[in-house]
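# Inside the fold
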Amino acid sequence: MRVRIARDELRRLRELTVAIDALEAEIADLVAQVAPQLLTEPGFGPLTAAKLIGEIAGAQRFASDAKLARAGGIAPIPVSSGQTNRHRLDRGGNRQLNTAIHRIAVTRARCHPETKAYIERKRAEGKTTREALRCLKRHLVRRLWHLLQTSGPAPSQTITPSIS
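So, how was this worked out
Residues numbered from 1 in each chain as written. Predicted model: local features only at pLDDT ≥ 70, side-chain atom pairs only at ≥ 80, totals over all residues. Heavy atoms only, no water. Helix = DSSP H or I, 4+ residues; strand = E, 2+ residues; numbered from the N terminus. Rg over C-alpha atoms; globule rule 2.2 N^0.38 Å. Buried < 20%, exposed > 50% of the residue type's maximum accessible area, 1.4 Å probe, protein only. Contact = heavy atoms within 4.5 Å. Areas by Shrake-Rupley, 256 points an atom, 1.4 Å probe, with all protein chains shown as cover. Lys, Arg positive; Asp, Glu negative; His and termini not counted. Charge placed at Lys NZ, Arg CZ, Asp CG, Glu CD. Expected span 1.5 Å × (residues − 1). Patch = residues over 30% accessible without salt bridge, like charges linked within 9 Å, V, L, I, M, F, W, Y side chains within 5 Å. Salt bridge = Lys/Arg side-chain N within 4 Å of Asp/Glu carboxyl O. Core = buried A, V, L, I, M, F, W, Y, C linked by side-chain atoms within 4.5 Å.

## Digging into the overall build of the protein chain
Counting secondary structure elements, the protein chain contains 7 helices and 2 strands. Ordered by position from N to C terminus, the α and β elements of the protein chain give α-α-α-α-β-β-α-α-α. Here the C-alpha atoms of the protein chain give a radius of gyration of 20 Å, more than 25% beyond the 15 Å that 2.2 N^0.38 yields for 164 residues. A principal-axis box enclosing the C-alpha atoms of the protein chain has dimensions of 70 × 50 × 30 Å. Classification of the 164 residues of the protein chain by burial places 29% in the buried group. Taking the intrachain contacts of the protein chain between residues at least 6 apart in sequence as the baseline, contacts between residues at least 24 apart amount to 55%. Total accessible area on the protein chain is roughly 10,600 Å²; 55% of this is exposed by carbon and sulfur atoms. Taken as two groups, the 28 positive and 15 negative side-chain charges of the protein chain have centres that lie 7 Å from each other.

## As for helix H6 (residues 113-124)
Between its terminal C-alpha atoms H6 stretches 16 Å, which fits the 16 Å expected from 12 residues at 1.5 Å a residue. The secondary structure elements touched by the buried residues of H6 are helix H5 (95-111) and helix H7 (129-149).

## Comments concerning a nonpolar patch on the surface
Taken together, the side chains of Leu10, Leu13, Leu16 and Ile20 present a nonpolar region at the surface, about 360 Å² in accessible area. Among the structural elements, Ile20 can be located in helix H1 (residues 2-34).

## Overview of unusual backbone geometry
Phi at Ala57 is positive, roughly 55°, even though this residue is not glycine. As for its placement among the helices and strands, Ala57 is situated in the loop between helix H3 (46-56) and helix H4 (65-71).

## Let's talk about the pattern of salt bridges
Using the criterion set out here, one finds 9 salt bridges in the structure. Measuring nitrogen to oxygen at the nearest pair gives 2.7 Å for the salt bridge that ties Glu41 to Arg143. Separated by 102 residues along the polypeptide, Glu41 in the loop between helix H2 (36-39) and H3 and Arg143 in helix H7 bring together distant segments of the chain.

## Focus on the nonpolar core
Ranked by internal contacts, the top residues of the largest apolar core, which has 30 residues, are Leu38, Leu52, Ile56, Ile101 and Leu144. Secondary structure elements with two or more residues in this core: H3, H4, H5, H6 and H7. Among all residues touching Leu38, those that are not within four sequence positions of it are Phe44, Ala49, Ile53, Leu144, Leu147 and Leu148.

## Notes on a positive patch on the surface
The grouping of Arg86, Arg88, Arg91, Arg95 and Arg130 at the surface amounts to a positive patch. Within the secondary structure, Arg88 sits in strand E2 (residues 87-89). In this structure Arg88 comes out as partly exposed when scored by relative accessible area, which is 31%.

Encoded structure:
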């Protein structure tokens, strides 16, 4: 009986893996149609890019990258006191957008040489690792906003995912 249950669970896992891979490929195709420039950026995978596109819902609705950062809870908030002059991340805003940007920042800080150099520069300026990551996230939002300003399908195109 245990062997039969284990085989049934393995069969089900294989079926789910095939379905997941098919959906991920479909999402990658949709992202490539809507914003292919995101997929060329280091750290932006198809699922994260799709999450960003969905959460931002049109970068044109934000007048500036600062407004996008504020909406995502990524804009720095001053928390200066006495002679201390520093900033922290906003705990408000769209947490899903913030999580996606954080995922990109951590991936780039780990794998991308220019980002590693950026983090080291910020650390050399006297910032903590957390503060350097906050600066990186703000920089990424600025880059993301500029990338999405020039994107978008033609008005006559509508993208509808097929539901199987």
